Amino acid sequence: MASRILILGSGGREHALAWKLAQSPAVDHIFVAPGNGGTDLLPKTANVNIGVSDFPQLVEFAQKNEISLVLPGPEQPLVDGVETYFRKVGIPVFGPSAAAARMEGSKAFSKDFMARHNIPTAAFRTFSSSQFEEACTYVKTCGHDVVLKASGLAAGKGVLIPSSTEEAIAGLESIMVKNAFGSAGSEVVVEELLTGDEISILAFSDGYTIVPLPAAQDHKRIGEGDTGLNTGGMGAYAPAPAATPAIMDQITRECLQPTIAGMRRDGFPFDDCDLASILLACAERRLDSVSIKTRAGYAVSVILASAGYPGSYPKGKAIAVGESLPPNTVVFHAGTKKADGAVVTDGGRVLAVTAYGETLPQALERVYAGVEQVHFDGKTFRRDIAHRALKASAEKPEGLTYAAAGVSVQAGYSLVENIKACVRATRRPGADAEIGGFGGVFDLKAAGYADPVLVSGTDGVGTKLRVAVDAGVHDLVGIDLVAMSVNDLLVQGAEPLFFLDYYGCSKLEVPVATQVVKGIAEGCRQAGCALVGGETAEMPGMYQPGDYDLAGFAVGAVERDAILPRPDIRPGDVLLGLSSSGVHSNGFSLIRKIVERAGLPYSATAPWDTETTVGTALLTPTRIYVRQVLPAARAGLLKGMSHITGGGFVENVPRMLPKGTGAAIDAAAWPLPPVFRWLMGAGNVAPLEMASTFNCGVGLVLVVAPEQVEAATATLAAGDATVIRMGEVTATPGVEMRNLHAWTS
């Protein structure tokens, strides 16, 4: 069924929307309330003499005229809750609820929202109009240039960019004391001044899916060369060359998607091919069902303003538009009205001349030719729209360097110097632990083996890294990295000899990387192995800014006749467990999901340990068992070992057992540590799922002959981990978890 659309507003935006919608075969008729002198001239379009703030009358009109979609143009009706009025009578609105519209209606609200959801934004402070002295003090002491923004809606003009502290204080007085922007200035955002190319990104969204459009670059100042007072905008062009594909991807990932997700989490979702179909799809929450395509080429708009704008200006000047507009050029009405059969000026920004071209120069030629076809007394416009893009295209690109591509060789040198001392602390017989060469060297003869077999292993830390990055704690995951590999060597009876690491990132932050490598060196010290080298990879575009990845590689040795597991493991042998230090480094995807569901930030007090935070508790390093267990293995007291990592007891214990055997584990043999008890409760995780995912308090399981349990326990007692008699080897393959009810009692 053809759509009947009601557009609210009387400016250039509404004229442009009506012009485009009128071209759609899916649209039967368009009403514009109240409209302007241009909207009244469009096909299938009629002005309606109802103000945009008269919501009851607008609703009554929409019901009588069978309106299928309402399209508010200005921000104010959305901020005032027009969406709710129409939603109550079942008419969809392309636009957000009043709660969501606060993102546009209150800069203070939007800045707080961005800070709360870690969306990049300039440093800022918000002050009420009664805090004039506090705002002045902040401007004097903040240490950076500022921008002053009236928090509320001010027709695009509520921003001051002072060039000195004195101008900033005068600007604060103008907004907060003299009420230059009326009620819009009841709150003021004092924001850090950021310099560089500015771009504007519009996007369609239905509250879930988000589809950005090509970036535009606006020209806010009244004068050419970006001089004079700020306006609602004197012209724009799109696409802006500054918005490279990489920049657009970054904006989508770091700004647009987190904004939509954050609005849903905060309880005010944003609900916003053929334009009519897109608007209806947004309003009906099915944007993913339509294909959105943009036309290749460039569009440029030049605003024609009244003389005196953005200050006071006259109205009622007759407007004439010539018959010879260039192709693909349209004149949109903004501040106009009909008077005595003629179209006259009725606002500061009167008309927008818009042109399309296959190239930017072609679009500019057409738009300024169109400007020459429009006449009214006092016509004011800028002749330098798109000057940044033209200047950039004319300049010869600077020669590229590795640093310009995002890789700092100097940062790599600095990291090596920072970590040399801690790396040297891992020296041992066979390795001098000097780094900087092309490869690490180890003298196996110096290690004292008679008939050695080399054992190697590699591992990472998984999504525990996500917790480390989000919590800002980087000196512990290096220990985890070493532990995951050396414990795997240990269970085969091997002594870890040397270790290498891989550190990958988008941009090498030397202080962060230094902390990580210091942790790796500490893990090597605990394991008695040398850190002989590694790789630091700085790869812009491969990793998210601020993130890093780790991988570790360990090599150990064991005498040929002492390799574990031994073939004489049999039913009746005893299972001893060594306590873990916590959750170690596995199951963090589930852990993070549980923590998120519980609504806990990593800075919150841990529900299972009021003496520490969630982040610190979860980042407790994986226990390294080498010094505690290796003497028992060398004494022949152990038949086999299993490192309890991802897969818990159910997956890892069978890996050390001969074919045809299994294990019975008594869950009541040790108390379930508080962190696991909390995870089980908060995540509603079944006990067997816990045993199949986590270490549940036991990080290493050992097989010991019954007659050697006492000797093995005595040897192991010298270490930090508690020894637990936890089960036995059986003749039934698999793992039987007994007494799991003990974990829920």
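Residues numbered from 1 in each chain as written. Predicted model: local features only at pLDDT ≥ 70, side-chain atom pairs only at ≥ 80, totals over all residues. Heavy atoms only, no water.

1. Overview of the overall build of the chain
- Check the secondary structure of the chain and you find 23 helices and 33 strands.
- Against the 2.2 N^0.38 benchmark of 27 Å for 745 residues, the chain shows a C-alpha radius of gyration of 34 Å, more extended than a compact globule.
- Once the C-alpha set of the chain is aligned to its principal axes, its extents read approximately 110 × 60 × 55 Å.
- Within the chain, the fraction of its 745 residues that count as buried is 49%.
- With an accessible surface of roughly 33600 Å², the chain has 52% of that area assigned to carbon and sulfur atoms.
- Averaging the positions of the 62 positive and the 77 negative side-chain charges in the chain gives two centres separated by 2 Å. (Helix = DSSP H or I, 4+ residues; strand = E, 2+ residues; numbered from the N terminus. Rg over C-alpha atoms; globule rule 2.2 N^0.38 Å. Buried < 20%, exposed > 50% of the residue type's maximum accessible area, 1.4 Å probe, protein only. Areas by Shrake-Rupley, 256 points an atom, 1.4 Å probe, with all protein chains shown as cover. Lys, Arg positive; Asp, Glu negative; His and termini not counted. Charge placed at Lys NZ, Arg CZ, Asp CG, Glu CD.)

2. Some remarks on the side chain of S485
- Within the secondary structure, S485 sits in helix α15 (residues 477-490).
- For S485, a relative accessible area of 1% corresponds to the buried category.
- Ignoring any residue separated from it by four or fewer positions in sequence, one finds S485 in contact with G457, T458, D459, F499, G552 and A554. (Contact = heavy atoms within 4.5 Å.)

3. Focus on the domain arrangement of the chain
- What the domain assignment reports for the chain is domain 1 (3-102), domain 2 (123-192), domain 3 (295-397), domain 4 (409-559) and domain 5 (573-743).
- Averaged C-alpha coordinates put domain 4 and domain 5 at centres separated by 25 Å.
- Inspection of the region where domain 4 meets domain 5 yields one salt bridge.
- Between domain 4 and domain 5 we count 13 residue pairs in polar contact (both at pLDDT 80 or more) in total.
- For the side of domain 4 that touches domain 5, the element with the most residues is α15, which contributes 10 residues.
- Counted by class, the side of domain 4 that touches domain 5 contains 18 nonpolar, six polar and seven charged residues. (Domains from an automatic or database assignment. Salt bridge = Lys/Arg side-chain N within 4 Å of Asp/Glu carboxyl O. Polar contact = N/O pair within 3.5 Å; in protein donor to acceptor, adjacent residues only side chain to side chain. Nonpolar A, V, L, I, M, F, W, Y, C, P; charged D, E, K, R; others polar.)

4. Observations concerning the packing of aromatic side chains
- Enumeration according to the criterion identifies 13 aromatic pairs in this entry.
- When the ring of Y368 is compared with that of F381, the centres are 6.4 Å apart and the planes differ by 45°; the resulting orientation is tilted. One end of the pair, Y368, is in helix α11 (residues 360-371); the other, F381, is in the loop between β21 (374-375) and α12 (387-394), and 13 residues separate them in sequence. This pair shows no difference in class: Y368 is buried, exactly as F381 is.
- Note on W670 and W743: the rings are 6.1 Å apart at their centroids and 70° apart in plane angle, and the pair reads as edge-to-face. Of this pair, W670 sits in the loop between β30 (662-666) and α21 (674-682) while W743 sits in the segment after β33 (734-738), placing them 73 residues apart in sequence. Assigned by exposure class, W670 and W743 land together as buried.
- Pairwise contacts between aromatic rings join F649, W670 and W743 into one cluster.
- Above the plane of the ring of Y356 lies R295, whose end atom (NZ or CZ) is 3.6 Å from the centre. (Phe/Tyr/Trp six-rings, centres within 6.5 Å; stacked < 30°, edge-to-face > 60°. Lys NZ or Arg CZ within 6 Å of the ring centre and 35° of its normal.)

5. Some points on the sheet that holds β30
- Spatial ordering of the open sheet is given by β29-β31-β26-β32-β30-β33, a layout of six strands whose pairing is mixed. Each having just a single partner strand, β29 (640-643) and β33 make up the two edges of the open sheet. Recorded for the sheet is a direction-independent mean angle of 25° between the axes of neighbouring strands.
- Alignment of β29 against strand β31 (residues 698-704), held across four bridges, turns out to be antiparallel. Looking at the pairing, S642 lines up with V701 of β31. (Pairing = 2+ DSSP bridges. Axes fitted to C-alpha atoms, helices over the stretch in contact; angles between N-to-C directions.)

6. Here we look at the nonpolar core
- Residues Y548, L618, M641, F649 and W743 are the most contacted members of the largest nonpolar core, which totals 106 residues.
- When residues of this core are assigned to their parent elements, the largest contribution, nine residues, is made by helix α16 (residues 510-527).
- Both of domain 4 (409-559) and domain 5 (573-743) provide at least three residues apiece to this core.
- Sequence-distant contacts of Y548, defined by excluding residues within four places in its chain, comprise L465, A468, V469, H474, V477, Y503, G504, C505, V512 and V516. (Core = buried A, V, L, I, M, F, W, Y, C linked by side-chain atoms within 4.5 Å.)

7. Quick notes on the pattern of salt bridges
- Across all of its chains, the model carries 24 salt bridges by this definition.
- The partner of R4 in a salt bridge is D28, with the nearest N and O atoms 3.0 Å apart. Taken as a pair, R4 in strand β1 (residues 3-9) and D28 in strand β2 (residues 27-34) lie far apart in primary sequence, 24 residues in all.
- A relative accessible area of 38% places D28 in the partly exposed class.
- Among the ionic pairs, K220 bridges to D218, the shortest N-O distance being 3.6 Å.
- Overall, the relative accessible area of 28% leaves K220 in the partly exposed class.
- When its relative accessible area of 24% is taken as the criterion, D218 is described as partly exposed.
- In this structure, a network of salt bridges that share partners links the residues D226, R382, D384 and R388.

8. What to know about the environment of A664
- Tracing the backbone through its elements, the reader meets A664 in strand β30.
- Taking the C-alpha atoms as reference, A664 lies 9.8 Å from P733; in sequence the two are 69 residues apart.
- In contact with A664, other than residues within four places in its own chain, are L575, M726, G727, E728, T730, E736 and R738.

9. Observations regarding the state of the cysteines
- All chains considered together, the criterion is met by zero disulfides.
- Free of any disulfide, C529 has its nearest neighbouring cysteine sulfur in C524, separated by 3.9 Å. (Disulfide = S-S within 2.5 Å.)

10. Observations regarding the sheet that holds strand β11 (residues 217-218)
- Spatial ordering of the open sheet is given by β11-β14-β15-β20-β17, a layout of five strands whose pairing is antiparallel. In this open sheet, the two strands that pair with only one neighbour each are β11 and β17 (329-333).
- The sheet contact formed by β17 and strand β20 (residues 349-357) spans five bridges and is antiparallel. Of the residues in β20, the one forming a bridge with H333 is L351.
- Contacting β14 (235-238), β15 (298-305), β17 and β20, α11 runs over the sheet at an angle of about 145° to β20.

11. Brief notes about the packing of helix α17 (residues 588-597) against α21
- In the contact formed by α17 and α21, the axes pass within 10 Å of each other and the chain directions differ by 65°. Relative to α21, the element α17 lies roughly perpendicular. As α17 packs across α21, the resulting crossing turns out to be left-handed. Counting all contacts with α17, which are made through I591, I594, V595 and R597, the residues of α21 involved are W678, L679 and A682. (Parallel < 35°, antiparallel > 145°, perpendicular 65-115°, else oblique. Left-handed = near helix turned anticlockwise from the far one by under 90°.)

12. Quick notes on the environment of C524
- Mapped onto the secondary structure, C524 falls in helix α16.
- With a relative accessible area of 0%, C524 lands in the buried category.
- Distance from C524 to T622, taken between C-alpha atoms, is 13 Å for residues 98 residues apart in sequence.
- Not counting chain neighbours up to four residues away, the residues in contact with C524 comprise T426, V482, F499, C529 and L531.

13. Topic: unusual backbone geometry
- Of note, the amide linkage connecting Y309 to P310 takes the cis form, showing an omega dihedral of 10°.
- Among the structural elements, P310 can be located in the loop between β15 and β16 (320-321).
- The residue after L564, namely P565, is reached through a cis peptide bond having omega 0°.
- Phi is positive for A386, which is not a glycine, with a value near 75°.
- One can find A386 in the loop between β21 and α12.
- The phi angle at C696 is positive, at roughly 55°, despite the residue not being glycine.
- For C696, the location among the structural elements is in the loop between α22 (687-691) and β31.

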